[in-house]
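# Chains, contacts and geometry: an overview
Residues per chain, in single letters:
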Amino acid sequence: MIRKPLILFMLAAALGACVREDIQPCPPLQVTIGIGDRNYDNIDEVAASGLDTKRSDDEPFKAFASTLYYVIEDYATGEVIVERFLQQVDGDGLQVACEGIPEELPFGKYIVTAWGNLPDEEVLDEAGGVRTSVLHPGHVEGFDLYMACDTIDYDYDRGTHQLDLRRVKGKLLIETINLPASVRWSDKTIDNVAGSINSRFEYGEATAVKTTHEWGGEPSILTDTYVAPSVGGQHSTLDVNFYNDASRENPVCEPAPLQLSLARNHIEVVRYDYDVVTGAFEIYIWVDSRWENIHDLVID
């Protein structure tokens, strides 16, 4: 005759929840990181201009983000479970698996934060569990930064999760055509762009980006700049100057400042067309798959 305590024990073993001491282990937490924004949101439109090319879905992770930083934290306590500092991305996979997650990690809720293309940890600050990255340190262009942060529920039925990185900045393409051969230098300033972003995808206070370029006297040049979105729903101002001397002291071509609305994961395309006969710059913006004239400007 089977005793009642033995029957109860057998029922508990069959119906009980997953426990780490059971013979059958609970499924370990697995987190992979992929690229969400492989292409800019208006790449098809810009590609029609011939000034940029659509990226393939088959390109590996490292073609978009060559470095990766990630951290997994307990949602309730903020305890850091795994933190993998800046690492070079190797291999040709479309995703990267998070390493170092303890097999005995209990079921629960966790926060996963990842950054792609950080140049170093010095541009990443942490306060109160929120990590913030400087986007244009020293007013420089910086990198094509990616970021993602998500809360995941880890239980017996949800042991596998994927986090897709989103592009933080946009891109400004400037095509200049029909320049005199003597004009070989330029600089530009873009003001009122976000100076930082935190792991909640909140952009910080405004800053300015400054760049310089030199070329060999070709009549046409194309430059691209990774630039953060405009701040506060206001426009950014693009100010470009051209020079015939490396000192860049006295510009010979001074197009008037241009108001632009810069956005995340969006390409803004501007063309400066110099007419050697009239001595005027015509400025165009690529909108709805066509060049839209802004105004004519005369070189001093």
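Please read these numbers as outputs of a predicted model, since none were measured by experiment.

### Here we look at the pairing of strand 8 (residues 146–154)
In this structure, strand 5 (residues 108–116) lies alongside strand 8, joined through nine bridges in antiparallel fashion. Pairing of Lys 109 across the sheet is with Asp 153, part of strand 8. Relative to strand 9 (residues 160–167), strand 8 runs antiparallel, the two sharing two bridges. Looking at strand 9, one finds that Tyr 146 is bridged to Arg 167. The hairpin formed by strand 8 and strand 9 contains five residues between the paired strands.

### Focus: empty space enclosed by the protein
Following the criterion strictly, the structure yields two cavities of 30 Å³ or more and no others. Approximately 80 Å³ is the volume attributed to the largest cavity. Ile 174, Thr 176, Ser 186, Asp 187, Lys 188, Thr 211, His 213, Ile 221, Thr 223, Val 240 and Phe 242 together form the lining of the largest cavity. Where the lining of the largest cavity is concerned, the elements lending two or more residues are strand 10 (170–177), strand 11 (185–194), strand 13 (206–214), strand 14 (221–227) and strand 15 (236–243). Per element, the largest residue contribution to the lining of the largest cavity is three residues, and it comes from strand 11. Its residues assigned to classes, the lining of the largest cavity comprises four nonpolar, five polar and two charged. The volume enclosed by the second largest cavity comes to roughly 40 Å³. In terms of lining residues, the second largest cavity is bounded by Gly 170, Lys 171, Val 227, Ser 261, Leu 262, Ala 263, His 266 and Glu 268. Looking at side-chain class alone, the lining of the second largest cavity contains three nonpolar, three polar and two charged residues.

### What to know about unusual backbone geometry
With phi around 75°, Asn 117 is a residue other than glycine that occupies positive phi space. Summarising the element assignment, Asn 117 is placed in the loop between strand 5 and strand 6 (124–127). One non-glycine residue, Ser 289, adopts positive backbone phi at about 65°. Tracing the backbone shows Ser 289 in the loop between strand 18 (280–287) and strand 19 (290–298). Judged by relative accessible area, which is 44%, Ser 289 ranks as partly exposed.

### Describing the sheet that holds strand 13
Spatially, four strands are ordered 13-11-15-16 in an open sheet, and the strand pairing comes out antiparallel. Both outer strands of the open sheet, strand 13 and strand 16 (258–260), are each paired with one neighbouring strand and no more. Across the sheet, the mean angle separating the axes of adjacent strands is 20° when strand polarity is ignored. For strand 11 and strand 15, the ladder comprises six bridges, and the chain directions are antiparallel. Paired with Asp 187 across the two strands is Asn 241, which belongs to strand 15.

### Comments concerning the nonpolar core
Generally speaking, nonpolar side chains in soluble globular proteins are found buried as a group. By size, the foremost hydrophobic cluster in this structure holds 37 residues, and its most contacted members are Trp 115, Leu 172, Leu 238, Phe 242, Leu 260, Val 270 and Tyr 272. Looking at this core, the elements with two or more residues in it are strand 2 (67–74), strand 10, strand 11, strand 14, strand 15, strand 16, strand 17 (267–275) and strand 18. If we skip the residues at most four places from it in the chain, Trp 115 touches Thr 67, Leu 68, Tyr 69, Leu 124, Arg 131, Ser 133, Leu 145, Tyr 146, Met 147, Ile 197, Asn 198 and Ser 199. Of all hydrophobic cores here, the second largest spans 25 residues; its members include Leu 29, Val 89, Tyr 146 and Leu 165.

### Let's talk about the packing of aromatic side chains
What the rule picks out here adds up to eight aromatic pairs. Over the face of the ring belonging to Phe 64 we find Arg 55, whose NZ or CZ atom lies 4.2 Å from the ring centre. Lying over the aromatic face of Tyr 75, Lys 109 brings its terminal NZ or CZ to 4.9 Å of the ring centre.

Criteria and cut-off values
Residues numbered from 1 in each chain as written. Predicted model: local features only at pLDDT ≥ 70, side-chain atom pairs only at ≥ 80, totals over all residues. Heavy atoms only, no water. Pairing = 2+ DSSP bridges. Helix = DSSP H or I, 4+ residues; strand = E, 2+ residues; numbered from the N terminus. 1 Å grid on protein atoms, 1.4 Å probe; cavity = no way out; pocket = protein on both sides within 12 Å on 5 of 7 lines; lining within 4 Å. Points joined across faces, edges and corners; volume = space filled by probe spheres on them. Nonpolar A, V, L, I, M, F, W, Y, C, P; charged D, E, K, R; others polar. Buried < 20%, exposed > 50% of the residue type's maximum accessible area, 1.4 Å probe, protein only. Axes fitted to C-alpha atoms, helices over the stretch in contact; angles between N-to-C directions. Core = buried A, V, L, I, M, F, W, Y, C linked by side-chain atoms within 4.5 Å. Contact = heavy atoms within 4.5 Å. Phe/Tyr/Trp six-rings, centres within 6.5 Å; stacked < 30°, edge-to-face > 60°. Lys NZ or Arg CZ within 6 Å of the ring centre and 35° of its normal.

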